[in-house]
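# Architecture and fold: a report
If you want the building blocks of each chain, they are given just below.
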Amino acid sequence: SAVISQKPSRDICQRGTSLTIQCQVDSQVTMMFWYRQQPGQSLTLIATANQGSEATYESGFVIDKFPISRPNLTFSTLTVSNMSPEDSSIYLCSVEIRGAKNIQYFGAGTRLSVL
Amino acid sequence: QKEVEQDPGPLSVPEGAIVSLNCTYSNSAFQYFMWYRQYSRKGPELLMYTYSSGNKEDGRFTAQVDKSSKYISLFIRDSQPSDSATYLCAMRALYNTDKLIFGTGTRLQVFP
């Protein structure tokens, strides 16, 4: 398994500002992902964070709005830029570790409210 | 039509009951099937993992996959108040091994 630390756990932000969410894993992982979880909706994959290169974004998500970094195998950040109330959601980091293909482990999430 | 459909509930049952949670899906390419449990204000945690069709049992939990009907189930026997959580099904296709598709989750409450 993997222990995932996600910060902050929650935040309340003003419209037009940006928030950076951090995800730290205690072991080297093969894949890191960022999801959004909105009330009454499925977990939606935002992007796959690739080490040393640009993230791979899913349809409907763009780098200008959700820039992602992954400088090494155990750390990634997601920034929610120029926020609006529609960005209020839970943002989750997940990882896939070596030797456990197809199994994703999730962080506790960041609960974001935009006023 | 969504790729994965899951009844959102809430489902409220007495302690000791047998719980059945279900998902249907439309993509016949799905080969890997998972159930995650998510407690309030926590991230999802993997509960059961099944490849292709069949049953898998782990303690009080049984996962069933019926690919011919595109239907998966999670059964919880002797349910406990600690089972109160949201249960999410998730699936992955063989050809796109990196992307999980989730159901919306079913909220379960087990009362003493």
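Note: the structure precedes this text.
Conventions we followed
- Residues numbered from 1 in each chain as written.
- Chains lettered and ligands numbered in written order.
- Predicted model: local features only at pLDDT ≥ 70, side-chain atom pairs only at ≥ 80, totals over all residues.
- Heavy atoms only, no water.
- Helix = DSSP H or I, 4+ residues; strand = E, 2+ residues; numbered from the N terminus.
- Rg over C-alpha atoms; globule rule 2.2 N^0.38 Å.
- Buried < 20%, exposed > 50% of the residue type's maximum accessible area, 1.4 Å probe, protein only.
- Contact = heavy atoms within 4.5 Å.
- Pairing = 2+ DSSP bridges.
- Axes fitted to C-alpha atoms, helices over the stretch in contact; angles between N-to-C directions.
- Disulfide = S-S within 2.5 Å.
- Buried area = accessible area lost by both parts, 1.4 Å probe.
- Salt bridge = Lys/Arg side-chain N within 4 Å of Asp/Glu carboxyl O.

Turning our eyes to something else, we now look at the overall build of chain A. Within chain A, the regular secondary structure consists of 0 helices and 11 strands. Starting at the N terminus and ending at the C terminus, chain A contains elements arranged as β-β-β-β-β-β-β-β-β-β-β. Taken against the 2.2 N^0.38 rule, which gives 13 Å for 115 residues, the C-alpha radius of gyration of chain A at 13 Å falls within 12% of a compact globule. The dimensions of chain A, computed from C-alpha atoms along their principal axes, are 40 × 25 × 25 Å. Relative to its full complement of 115 residues, chain A shows a buried share of 53%. The contacts in chain A between residues at least 6 apart in sequence include a share of 54% that link residues at least 24 apart.

Residues and elements named next belong to chain B. Only one face of strand β11 (residues 106-111) is covered, namely the face carrying Thr106, Leu108 and Val110; the face carrying Arg107, Gln109 and Phe111 is uncovered. Where strand β2 (residues 11-14) lies against β11, 4 bridges are found, and the strand directions are parallel. Counterpart to Pro14 in the pairing with β11 is Phe111. The pairing of strand β9 (residues 85-93) with β11 spans 3 bridges and is antiparallel.

A word on the sheet that holds strand β3 (residues 19-25) of chain B. Residue and element names in this part refer to chain B. Taking strand neighbours across the sheet as the criterion, the 5 strands line up as β1-β3-β8-β7-β6 in an open arrangement whose pairing is antiparallel. At either margin of the open sheet sits one strand with a lone partner, and together these are β1 (4-6) and β6 (54-58). Taken pair by pair, the neighbouring strands of this sheet meet at an average axis angle of 15 degrees, ignoring direction. In this structure, β1 lies alongside β3, joined through 3 bridges in antiparallel fashion. Its bridge partner lying in β3, Glu5 is registered against Thr24.

Turning next to the pairing of β6(B). All names here are of chain B. Bridge analysis of β6 against strand β7 (residues 61-66) gives 5 bridges, and the strand direction is antiparallel. Within β7, the position partnered with Asp58 by the bridge is Phe61. What sits between the antiparallel neighbours β6 and β7 is a turn of 2 residues, in which Gly59 has the positive phi angle 65 degrees.

Bringing the state of the cysteines into the picture now. All names here are of chain A. On inspection of all chains with the given rule, the structure shows 2 disulfides over all chains. A sulfur-sulfur separation of 1.9 Å characterises the disulfide bridge that pairs Cys23 with Cys93. In this structure the cystine formed by Cys23 and Cys93 twists about its S-S bond by roughly -65 degrees; its chirality is therefore left-handed. Taken as a pair, Cys23 in strand β3 (residues 19-25) and Cys93 in strand β9 (residues 89-97) lie far apart in primary sequence, 70 residues in all. A single burial state applies to Cys23 and to Cys93, both of which are buried. Cysteine Cys13 shares no disulfide, and the gap to the nearest cysteine sulfur, in Cys23, comes to 18 Å. In this structure Cys13 comes out as buried when scored by relative accessible area, which is 9%.

Before going further, it helps to spend a moment on the interface of chain A and chain B. Between chain A and chain B, the contact holds 21 residues from the first and 19 residues from the second. Across the chain A/chain B interface, buried area totals approximately 1,700 Å², and carbon plus sulfur atoms make up 48% of it. Our enumeration of links across chain A and chain B arrives at 2 salt bridges. For Glu96(A), the salt bridge identified is with Arg92(B), shortest N-O distance 3.2 Å.

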